Amino acid sequence: MGWSIKVAKQVFYEDVEVGSELAVLVKHPTTMQLVKWAGASGDYYPIHYDKDFAQANGLPGVIVHGWLTCSFLGQLVTDWMGEKGTLAKLGCIYRAMHFPCQNITCKGKVTKKYVQDDKYYVDCEVWAENPKGERTTPGSATVILPSRS
Amino acid sequence: MKLAEASVITDELKNLLNVEFGPEVYEVEKGMLKKFADAVGDPNPLWRKVAPPTFATALRLDELTQKMWTVKCPLTRFLNAGNELEYYQPIKVDDVISVTGKLADIREREGKMGKMLFMTLELTYKNQKGETVIKGRNTIIRY
């Protein structure tokens, strides 16, 4: 799969504003990745690897695990917040399905920043898009960023 | 006169509401984290020491999950509707995590695929010191 390790520069609370965008993350899960995910997560529901079973369930074919899409959104946020960031919340809703061997494009935007109990919180809306650019998986994340002050 | 349509929320399902399951206990090994991060395709070196964000899903509360699948209900197909995780402490290599949970909510709705049942599970993950590390809410659809 040939990844390169990104050495992202640390983002600080002062660097972000409402509307700041997270660096886009494009994922392209293959059927093999779904099998790896099934093994790693313990979710062996056959709609994610058995085409006949998926079609008998009224689906066009095997579909990507919702939790895997959620994990991609987790990667989007943790890549962005850097080593000194702390993830406080992550959640998403599965409105439409993703199919293997198609791009899943993960995006995010800052919606709020606030200081509470001496911690520097940033709320983000995050979502995944299918190749048509439709938001399949709206979600949100809250992170605590380091401050320069 | 129309006959009232039968609810898909059976007594068996109602009786499961708020019943506590677990704990199921997991020792977090380095290899588990590696396998998990590899499956996500996330090369962040941090995941060699601490669990990536959605690792909680691998710490399954099988007894409760099994119940959700086997509980008597006329709807037999399943989809994941959504997940929420709140993080309190990192899960680290060699932690011993205890998972407990319950069925916290059941709702019936008419959707594009016909009648749908939404079942929301609440899960709590604690480490060996008894500290809550994660709280999770997972909603499963039967349709």
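Please read these numbers as outputs of a predicted model, since none were measured by experiment. (Residues numbered from 1 in each chain as written. Chains lettered and ligands numbered in written order. Predicted model: local features only at pLDDT ≥ 70, side-chain atom pairs only at ≥ 80, totals over all residues. Heavy atoms only, no water.)

**Q** What should I look at first to understand the overall build of chain B in this one?
**A** Summing up its helical and strand segments, chain B has three helices and five strands in all. Tracing chain B from N to C terminus, the helices and strands come up as α-β-α-α-β-β-β-β. Viewed in the frame of its principal axes, chain B has a C-alpha envelope of about 65 × 30 × 20 Å. For chain B, the residues scored as buried account for 48% of the 143 residues in total. Pairs at least 24 residues apart make up 72% of the contacts formed inside chain B by residues separated by at least 6 positions. As presented, chain B carries roughly 7500 Å² of accessible surface, and 50% of it is formed by carbon and sulfur atoms. Positive and negative charge centroids in chain B, built from 22 and 20 side chains respectively, lie 4 Å apart. (Helix = DSSP H or I, 4+ residues; strand = E, 2+ residues; numbered from the N terminus. Buried < 20%, exposed > 50% of the residue type's maximum accessible area, 1.4 Å probe, protein only. Contact = heavy atoms within 4.5 Å. Areas by Shrake-Rupley, 256 points an atom, 1.4 Å probe, with all protein chains shown as cover. Lys, Arg positive; Asp, Glu negative; His and termini not counted. Charge placed at Lys NZ, Arg CZ, Asp CG, Glu CD.)

**Q** Got a minute to help me understand the environment of arginine 60 of chain B in this structure?
**A** Mapped onto the secondary structure, arginine 60 of chain B falls in the loop between helix 2 (30–40) and helix 3 (62–70). Judged by its relative accessible area of 18%, arginine 60 of chain B falls in the buried class. In this structure, the C-alpha to C-alpha distance between arginine 60 of chain B and valine 99 of chain B, residues 39 residues apart in sequence, is 7.6 Å. Once residues lying within four places of it in the same chain are set aside, the contact partners of arginine 60 of chain B are Ser41, Gly42 and Asp43 of chain A together with Glu24 and Tyr26 of chain B. At a separation of 3.1 Å, a polar atom in the side chain of arginine 60 of chain B contacts the main-chain carbonyl oxygen of threonine 57 of chain B. (Polar contact = N/O pair within 3.5 Å; in protein donor to acceptor, adjacent residues only side chain to side chain.)

**Q** Would you take a moment to explain the packing of helix 1 (residues 31–41) of chain A against helix 3 (residues 66–81) of chain A for this structure?
**A** How two helices pack is summed up by the angle between their axes together with the distance between the axes. Residues and elements named next belong to chain A. Following both chains from N to C, one finds helix 1 and helix 3 inclined at 95°, their axes separated by 10 Å at the closest point. The orientation of helix 1 relative to helix 3 falls into the category roughly perpendicular. The residues of helix 3 that touch helix 1, namely those facing Gln33, Leu34 and Trp37, are Trp67, Leu68, Ser71 and Phe72. Class assignment for the residues of the contact of helix 1 with helix 3 results in five nonpolar, two polar and no charged. (Axes fitted to C-alpha atoms, helices over the stretch in contact; angles between N-to-C directions. Parallel < 35°, antiparallel > 145°, perpendicular 65-115°, else oblique. Nonpolar A, V, L, I, M, F, W, Y, C, P; charged D, E, K, R; others polar.)

**Q** I'm lost on the pairing of strand 4 (residues 119–129) of chain A in this one. Help?
**A** All names here are of chain A. Where burial is concerned, most of strand 4 is hidden: eight out of the 11 residues are buried. The sheet contact formed by strand 3 (residues 104–116) and strand 4 spans 11 bridges and is antiparallel. Residue pairing across strands places tyrosine 114 opposite tyrosine 121, the latter belonging to strand 4. Hairpin connection, strand 3 to strand 4: the antiparallel pair is bridged by two residues, and aspartate 117 has positive phi, about 50°. Bridge count between strand 4 and strand 5 (residues 135–144): nine bridges; the pairing is antiparallel. From the neighbouring strand, cysteine 124 faces strand 5, where its bridge partner is alanine 141. Connecting strand 4 to the antiparallel partner strand 5 that follows it, the hairpin turn spans five residues, and glycine 133 within it adopts a positive phi of roughly 85°. (Pairing = 2+ DSSP bridges.)

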